[in-house]
Amino acid sequence: MERIVDADYLVVGAGATGMAFTDALIDHTKARVALVDRRHGVGGHWLDAYPFVRLHQASAFYGVASTLLGGGLVQSRGPEAGLHERADAPEICAYYSHLLGGRLLESGRVEFLANCDYTADRRVRSRISGKQFTVPPQCRIVDARYLAPSIPADTAPPFEVADGARVIPVNGLAHLAEGASQYVIVGSGKSATDACIWLLARGVDAAQICWVRPRDPWMLNRAVVQPDPTVVLGMAADIMEAAGTATSLENLFLRLEDAGIMVRIDRAFTPTMAKTPTLATWELEQLRTIEHVVRLGHVRLVQRGRITLEEGAVTLAKDAIVVHCAASGLQYPPNVPIWGRTAITLQPIRAGFPCFGAALAGYVEATRSDDAEKNRLCPPTPYPNSLADWARMNLLGTRATMSFGSQPDIKEWANGVALNPARVPPEQDRSAALNAVLARLQVQVPRGLAALAELI
């Protein structure tokens with residue numbers, strides 16, 4: 001006989017968003033939760049991440065609401081001294097593993113179904129034993145995989161590879177037994193920048209690196225995305241002020257560059273990509289030493305000694321290693337109401353910061369009964385890809401923040417959660433600098449929102 005899942009919620013996906021939702025939900029209800037994941041453990045794509053990956057933002061912004069990742073430490077040495085620490089993949093995996101065993105399972109109200117697939121007919125099937133579980137009608141489904149990222153480790157290269165060509169995913173770099181006279185990095189995003197920095201740190205000369213960038217990216221200056229309300233809200237005020245005076249989307253990003261918020265690798269090219277991971281100035285300086293940059297569109301074919309792209313071909317060294325960093329990463333399906341007829345579909349709510357959005361959804365699910373009201377308070381915000389997407393994310397995300405922030409209990413909860421980049425301390429604990437920033441926001445936000453709506 002099929003076993004019936006004994007739970008009030010079935011959370012599909014035990015990655016960052018699934019864990020953040022579950023943590024907040026059990027913190028504020030007596031609900032029973034079954035976590036389902038196709039992988040062997042919790043942590044989602046971090047279990048398959050390349051060995052040298054780190055969070056691109058401060059650790060405090062990642063994880064779950066109840067348990068601070070990294071202890072809120074500030075780096076005291078190195079090129080990022082003064083900035084908050086960024087956890088690496090082993091630390092993140094250990095954090096989620098300890099969270100599962102020490103908090104979720106220990107509560108007696110959470111069950112973890114590892115190596116299992118959820119199917120549309122409300123069944124869960126074990127990949128190992130083949131046994132099936134039935135999800136009862138009263139159990140609410142939570143989709144924590146709607147925006148699950150695509151990573152090179154589990155995504156085939158989006159181009160043809162001929163016999164004899166050396167092509168590896170970015171994960172393979174750390175396991176190379178034999179190097180090459182040339183490394184070809186394919187991709188424009190965070191994985192590609194990480195691969196370049198890693199090679200340079202291991203003594204590879206910048207002249208040995210060929211970087212295939214189909215699009216140039218805008219990135220955020222990491223120094224302005226820190227767990228300090230004066231810093232992060234100051235950045236928000238600068239964004240709104242720049243939007244209020246910008247004449248176009250391109251002009252907005254140039255103004256943000258002048259304000260020290262946005263950075264680009266090559267000032268001779270205006271980026272069209274705006275997924276906007278954060279980048280430190282020391283990384284920017286190193287990336288600018290790589291001069292062999294190919295801008296001929298996407299790769300179509302890799303052969304030994306040659307790559308063919310949409311707009312031409314490039315000759316490579318015969319022993320060149322092509323590093324595939326070209327997985328799409330973030331996903332861009334259409335926004336749907338978070339509280340839907342058949343499932344709760346987790347998505348960001350404020351601009352970016354998916355862990356906070358998932359935790360917020362968990363809190364709102366625990367404290368409200370009407371789905372229409374929940375959707376009114378917490379409309380979803382898209383991830384950005386283009387300049388217009390980024391402007392739309394900030395427009396919708398700011399509106400959403402104003403919406404859920406209008407509720408006293410949600411505002412109090414959010415201001416006590418480290419995951420929230422815009423948490424504000426009680427009035428008696430605010431500095432003069434923070435009060436000045438808050439006053440700026442009151443003036444700039446209405447102007448900025450109206451301008452963003454026009455720009456997109």
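Structure shown above.
Predicted model, so just to flag it, every value in this text is computed and none were measured. (Residues numbered from 1 in each chain as written. Predicted model: local features only at pLDDT ≥ 70, side-chain atom pairs only at ≥ 80, totals over all residues. Heavy atoms only, no water.)

Right, let's get into the sheet that holds strand 15 (residues 278–279). Strands sit in the order 14-13-15 across an open sheet of three strands; the sheet is mixed. Among the strands making up the open sheet, the edge pair consists of strand 14 (262–264) and strand 15. Across two bridges, strand 13 (residues 218–221) lies against strand 15 in parallel orientation. Residue pairing for strand 15: Leu220 is matched across the bridge by Thr278. Packing against the sheet, helix 5 (residues 249–258) makes contact with strand 13 and strand 14, and its axis sits at approximately 100° to strand 14. (Pairing = 2+ DSSP bridges. Helix = DSSP H or I, 4+ residues; strand = E, 2+ residues; numbered from the N terminus. Contact = heavy atoms within 4.5 Å. Axes fitted to C-alpha atoms, helices over the stretch in contact; angles between N-to-C directions.)

One recurring pattern in soluble globular proteins is that nonpolar side chains are buried together. In this structure, Tyr96, Leu173, Ile185 and Leu252 are the most contacted members of the largest nonpolar core, which totals 124 residues. Take this core: its biggest share by element is nine residues, from helix 11 (residues 432–455). Beyond its immediate chain neighbours, meaning those up to four positions away, Leu173 contacts Phe52, Ile168, Tyr183, Ala195, Trp198, Leu199 and Val323. (Core = buried A, V, L, I, M, F, W, Y, C linked by side-chain atoms within 4.5 Å. Buried < 20%, exposed > 50% of the residue type's maximum accessible area, 1.4 Å probe, protein only.)

This brings us to the side chain of Asp194. One can find Asp194 in helix 3 (residues 190–201). The exposure class of Asp194 is buried, given its relative accessible area of 12%. A distance of 2.7 Å separates a polar atom in the side chain of Asp194 from a polar atom in the side chain of Lys190. Contact partners of Asp194, with chain neighbours within four places excluded, come to Tyr50, Phe52 and Val53. (Polar contact = N/O pair within 3.5 Å; in protein donor to acceptor, adjacent residues only side chain to side chain.)

We now examine the side chain of Ser126. Position of Ser126 among the secondary structure elements: in strand 6 (residues 123–126). A residue is classified by how much of its surface remains accessible, and Ser126, at 8% relative accessible area, is buried. For Ser126, the side chain forms a polar contact with the main-chain nitrogen of Ser129, separated by 3.1 Å. With near-sequence residues (within four places) excluded, Ser126 lies in contact with Asn115, Cys116 and Lys131.

Below, the discussion takes up the pattern of salt bridges. According to the stated counting rule, one finds 30 salt bridges in the structure shown. Here Glu257 and Arg264 are joined by a salt bridge, their closest N and O atoms 2.9 Å apart. Residue classification places Glu257 among the buried residues on the basis of a relative accessible area of 8%. A cluster of three or more residues bridged by salt bridges with shared partners is formed by Arg38, Arg39, Asp48 and Asp154. (Salt bridge = Lys/Arg side-chain N within 4 Å of Asp/Glu carboxyl O.)

For the rest of this paragraph, the subject is the packing of aromatic side chains. Across all of its chains, the model carries eleven aromatic pairs by this definition. Their ring planes at 65° and their centres at 6.5 Å tell us that Tyr9 and Phe21 sit as a pair that is edge-to-face. A residue pair is termed long-range when its members are at least 10 positions apart, and Tyr9 in strand 2 (residues 9–12) and Phe21 in helix 1 (residues 16–28) qualify at twelve residues. On the basis of relative accessible area, Phe21 is assigned to the buried category, the value being 0%. Ring centres of Tyr95 and Tyr96 lie 5.1 Å apart, and the angle between their planes is 70°; this geometry places the pair in the edge-to-face category. Cluster of aromatic residues (ring-pair linked, three or more members): Phe356, Tyr363, Phe404 and Trp413. One cation-aromatic arrangement involves Arg213 over Trp211; the distance from NZ or CZ to the ring centre is 4.4 Å. (Phe/Tyr/Trp six-rings, centres within 6.5 Å; stacked < 30°, edge-to-face > 60°. Lys NZ or Arg CZ within 6 Å of the ring centre and 35° of its normal.)

Turning to unusual backbone geometry, a few remarks are in order. When glycine is set aside, most residues are seen to have a negative phi, and most peptide bonds are trans. The backbone phi angle of Asn115 is positive, close to 55°, even though this residue is not glycine. For Asn115, the location among the structural elements is in the loop between strand 4 (110–113) and strand 5 (116–119). Judged by its relative accessible area of 22%, Asn115 falls in the partly exposed class. In this model, Phe353 sits at a positive phi of 55°, which is unusual for a non-glycine residue. Along the polypeptide, Phe353 turns up in the loop between strand 21 (344–345) and helix 7 (354–367).

Strand order across the open sheet formed by five strands is 4-3-2-8-21, with parallel pairing between neighbours. Either end of the sheet is taken by a strand with one partner, and the two such strands are strand 4 and strand 21. In terms of strand pairing, strand 3 (residues 33–36) meets strand 4 through four bridges, oriented parallel. Across the sheet, residue Val36 finds its bridge partner in strand 4, namely Leu113.

Relative to the helices and strands, Ala451 is located in helix 11. Judged by its relative accessible area of 14%, Ala451 falls in the buried class. Considering only alpha carbons, one finds Ala451 and Thr247, 204 residues apart in sequence, at a separation of 9.3 Å. Ignoring sequence-local partners within four residues, the contact set of Ala451 consists of Ala243 and Gly244.

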